[in-house]
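Coordinate inspection notes
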Amino acid sequence: MTASSPSRPSPLPTPGLRIPAPLLVWVGLLLGMLRVLGAEEPIPQRFNQEVARHRELTNGLPAAPVQLIEIGPDGSPQVFVSNRWWRFTRDRWEWMFGVPESAADAFHFPDGNGAGVRVPVPGKEVRQLLRRGEVQYLVTTTEILRVDASGVVPTGWASAPGTSQPQQLAVSSEGELWLAAATGLFRRAAAGWEPFRAADSLGRIWGADAVAGATFDKAGRLWIATRAGAAALQGDRWITFEGHDGLPWNDFTGITPGAEGILWFGTRLGVIRYDSSGWHYRQGPTWLPSDEVTQIAVNVHGAAWFATPAGVGAIERKFITLSEKAALYEAEIDRHIRRTAYGYVAEAPLKVAGDRSTASPVDSDNDGLWTAMYGAGECFAWGALGDPAAKKRARKAFEALRFLQTVTQGGTPSPPPGYVARTVLPIESPDPNRGRREADEQIRQWQDSMWKVYEPRWPKSADGRWYWKSDTSSDELDGHYFFYAQYHDLCAETPEEKAEVAAVVRALTDHLVTHQFALVDVDGTPTRWGVFGPDALNRDPRWWVERGLNSLSLLSYLAVAEKVTGDAKYGKISRELIDLQGYAQNAMFPKVEAGIGSGNQSDDEMAVMAFYNLLRYSKDEGLKAMIRQSWQRFWLLEQPEMNPFFNFAYAAVNQGHMATNQWGRIALSPGPGWLEDSAATLRGFPLDRVLWPAKNSHRLDVVRLPRQNSINVVTPDTRPRGWRVTQKVLPVENRSFTHWNTDPWTLDYGGDGRELGAGTVFLLPYYMGLYHGYILRR
């Protein structure tokens, strides 16, 4: 055993269903065959969801630091705050009247019946209360006291040589006392307290200096927490954990055992859970009332309760299904996110931090894109489940997106037919054109020399009821086409419904074809980002960065148009672009930067939608054979992001396929772990979609990305970016974002609790996974 690759404490066996041995053999053979064929076991519906509570845990409790926390005999949390004991019952804190108030000359704590026990030490000096049957131990700033029916007995810590301020006491099942102290790890022997040297296999001494925590887990192993890391005594060997082993942080305040195989570590910057699957870090207001966790108590159900300077927090785990989680997000969208009668879905500012009832949705620059991605999820939901509510939501999204096309026509000024707006505002809104020209001139002068300056950026609709936003970008179009393809395929059942979709797609695609593959605005020139033609992409040096992605997008638009309208002209146009302008070759390189973590995440999101549509709907087998390889090379760079949307979109069109080149045949199925990563992300999304800050740049298990992996390799990243030692990005539990275009390699996130994100980031991949069979329906 070495410290760099320690053997882990073996998890205890879990009782479960007993399967006859012959059946196990056949099941193993079947699963093996499925893996060979590129299939995976679908993700089960039921899982253990983490639920954080703290804002609702203030009722009745004084606004003061929590000094002690424990689980009472009846299973209720009880805390020592402001010299009094309080019990949490019926969703509020109640003063335990049977326990006198502590004072400068006496500390009082409740016995098993709720009556007070008096100990003659100042209440403010008590650091820990540890119960073992009929015996209680008090850890003060200077002494360790044993309290039982016979009275209060010091253990001699205060008079022991070389001792210092105690941190945490641990008692073994045999009654042996161990102490984490500011000067090391100590054990109480017959002769008194003595230091204990914890040496690992490399000869390093753990616990010779400050030890912040000590406890015994359910298997009877002693654990200690130090600035060097965590360590467990298994037999006569110390097993150590450091950053390269996955330990997230080391500024510990203590350790508390949970259920079998689970430990909770308090730190001054969050809390850590260790279990058989590894280390799990929880930090920030999404999870805690304060990052400084001074004590932890765990109840019989596995819920962890935290004492902090800002009050009490809790993280519970409850079994729910992915379907139930989806229903919660759907309800939140319907109640708080939708904007205008058309129901655009993006995000909603909150007037009061964390208070969803104060949600006030406003327009976003990409209402069309976000509503399209939400609507596509509903299409998959209808296709997978046949849920009428999903079909109704998909229809509403279709009406909202179609309106972005029709609202642009007939007014003054008006763009050419087929143009789609970014978003709309009711005419009663403050005029969004005021001050806009000056802002655009600043952008062109200081940020983007190709930025357009014109008026009005927000024209009025022909009926005078709406402002609509122009200068629509390519990401909007990617979203529109992504949605229309799924809606036509899965939801539009009657000839009339299919004709509606075909009309919208034909108008938009003909607009592009008519204007040299550009989206032409109210001023008669292409929008800033709506350029897809060969003169720009292949011959204008200002557009070389967009060449690959925009070629891919245009080929996917034409594939969708041919499928939806049934008009072969779009396929012929696609083939001309391939044969005469090299668009298939362009699309082999949709990502300019070639390192993991590099490139614009919005571009990555756009490429995923374009890849999916092109490979599902194109009739050009030669083109698809090339694009499958492009998609594979692209996805391999994205795989560490643990993105279920990207993963399901890739597997749906490439799983089980092979590519052939001059060197032989290549398997295109996704590699090992993609489905497990997708499941972890879907399960990991907090139920709270409010955006709170999250900090990870200090973590020991994070490796910073070098300059070659910058978003733009020419311009090095200025904010911290990285991934874990597992070579995967941070889990979603440690990130704070609204859409899949957020950079997942970012380590620190802002947020003040005043924005509510839509659950689309969960709903789209969840329903997509259901539709393609990667998630069990029941």
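Every chain begins its residue count from 1, and numbering advances along the sequence as written. With pLDDT at 70 or above as the cut-off, local features in this predicted model cover only qualifying residues; side-chain atom pairs require 80 or more to be listed or tallied, and sums for whole chains, interfaces and linings still use all residues. No hydrogens and no water enter the side-chain calculation; it runs on all heavy atoms of the structure.

Digging into the overall build of the protein
Counting from the N terminus, the helices are the DSSP runs of H or I reaching at least four residues and the strands are the DSSP runs of E reaching at least two. Each helix and strand in the protein was counted, giving 16 helices and 38 strands. Relative to the 2.2 N^0.38 estimate, which gives 28 Å for 778 residues, the radius of gyration of the protein is 30 Å and therefore close to what a compact globule would have. Here the term buried applies to any residue with accessible area under 20% of the maximum for its type, exposed to any over 50%, and partly exposed to those in between, with areas from a 1.4 Å probe on protein chains only. When each of the 778 residues of the protein is scored for burial, the buried share is 56%. In the protein, of all internal contacts separated by at least 6 residues, the share reaching a separation of at least 24 is 61%. Method for areas: the Shrake-Rupley scheme with a 1.4 Å probe, in which residue coverage is limited to the protein chains shown. For the protein, the accessible area works out to roughly 32200 Å², and carbon and sulfur atoms hold 53% of it. All tallies of charge rest on Lys and Arg as positive and Asp and Glu as negative; His and the ends of each chain are not included. Where a charge sits is defined by one atom per residue type, namely NZ (Lys), CZ (Arg), CG (Asp) or CD (Glu). Each charge class in the protein was averaged separately, 82 positive and 87 negative side chains, and the resulting centres sit 2 Å apart. Within these notes, the globule rule equals 2.2 Å times the number of residues to the 0.38 power, and the radius of gyration is based on C-alpha atoms. Any two residues whose heavy atoms approach within 4.5 Å are treated as being in contact.

Description of the pattern of salt bridges
One side-chain nitrogen of Lys or Arg within 4 Å of one carboxyl oxygen of Asp or Glu is enough to make a salt bridge. All chains considered together, the criterion is met by 56 salt bridges. With a closest N to O distance of 3.6 Å, arginine 282 and glutamate 733 form a salt bridge. Linking arginine 282 in strand β25 (residues 278-282) with glutamate 733 in the loop between β37 (722-724) and β38 (755-757), this pair joins segments that are 451 residues apart in sequence. Take arginine 282 and glutamate 733: they sit in the same class, and that class is buried. Here aspartate 334 makes a salt bridge to arginine 338, at a shortest N to O gap of 2.8 Å.

Thoughts on the pairing of strand β6 (residues 107-110)
Because side chains alternate across β6, one face comprises the buried residues Phe107 and Phe109, and the other comprises His108 and Pro110, equally buried. Following DSSP output, two strands are said to pair if at least two bridges run between them. The sheet contact formed by β6 and strand β7 (residues 116-119) spans four bridges and is antiparallel. Of the residues in β7, the one forming a bridge with proline 110 is glycine 116. Between β6 and β7, which pair antiparallel in sequence order, lie five residues; one of them, glycine 114, sits at a positive phi of approximately 90°.

Some details on the nonpolar core
Core analysis: the largest hydrophobic core is formed by 126 residues, its most contacted members being Trp631 and Phe645. When residues of this core are assigned to their parent elements, the largest contribution, eleven residues, is made by helix α3 (residues 367-385). The residues touching tryptophan 631, leaving out its near neighbours within four places in the chain, are Val608, Phe611, Leu615, Phe646, Ala649, Tyr650, Val653 and Asn654. Residues belong to one nonpolar core when they are buried, are Ala, Val, Leu, Ile, Met, Phe, Trp, Tyr or Cys, and are joined through side-chain atoms within 4.5 Å. Counting residues in each nonpolar core, the second largest holds 18 residues, with Ala230, Leu247, Trp249 and Leu269 among its members.

Section: the packing of aromatic side chains
Ring pairs (aromatic) are described by centroid distance and by the angle formed between their planes. Aromatic pairs are defined between Phe, Tyr and Trp rings, using the six-membered ring for Trp, whenever the two ring centres lie within 6.5 Å; interplanar angles under 30 degrees are classed as stacked, those over 60 as edge-to-face, and all others as tilted. Scanning the model with the defined rule gives 52 aromatic pairs in all. Seen in terms of ring centroids, tryptophan 223 and phenylalanine 265 are 6.2 Å apart; in terms of plane orientation they differ by 70°. Their pairing is edge-to-face. Of this pair, tryptophan 223 sits in strand β19 (residues 222-226) while phenylalanine 265 sits in strand β23 (residues 263-267), and the two are 42 residues apart along the sequence. Classification of tryptophan 223 as buried rests on a relative accessible area of 1%. The structure contains a cluster of three or more aromatic residues connected by ring pairs, namely Trp223, Phe241, Phe252, Phe265, Tyr274 and Trp279. Put simply, a charge is over a ring when the Lys NZ or the Arg CZ is close to the ring centre, within 6 Å, and near the line of the ring normal, within 35 degrees. The residue whose ring lies beneath arginine 84 is tryptophan 95, and the NZ or CZ to ring-centre distance is 3.7 Å. The ring of tyrosine 454 carries the charged tip of lysine 452 above its face, separated from the ring centre by 4.9 Å.

Examining the environment of valine 725
With respect to the helices and strands, valine 725 occurs in the loop between β37 and β38. We classify valine 725 as partly exposed; its relative accessible area is 30%. For the pair formed by valine 725 and phenylalanine 648, sequence separation is 77 residues and the distance between their alpha carbons is 25 Å. The residues touching valine 725, leaving out its near neighbours within four places in the chain, are Gly243, His244, Gly246, Asp701 and Val703.

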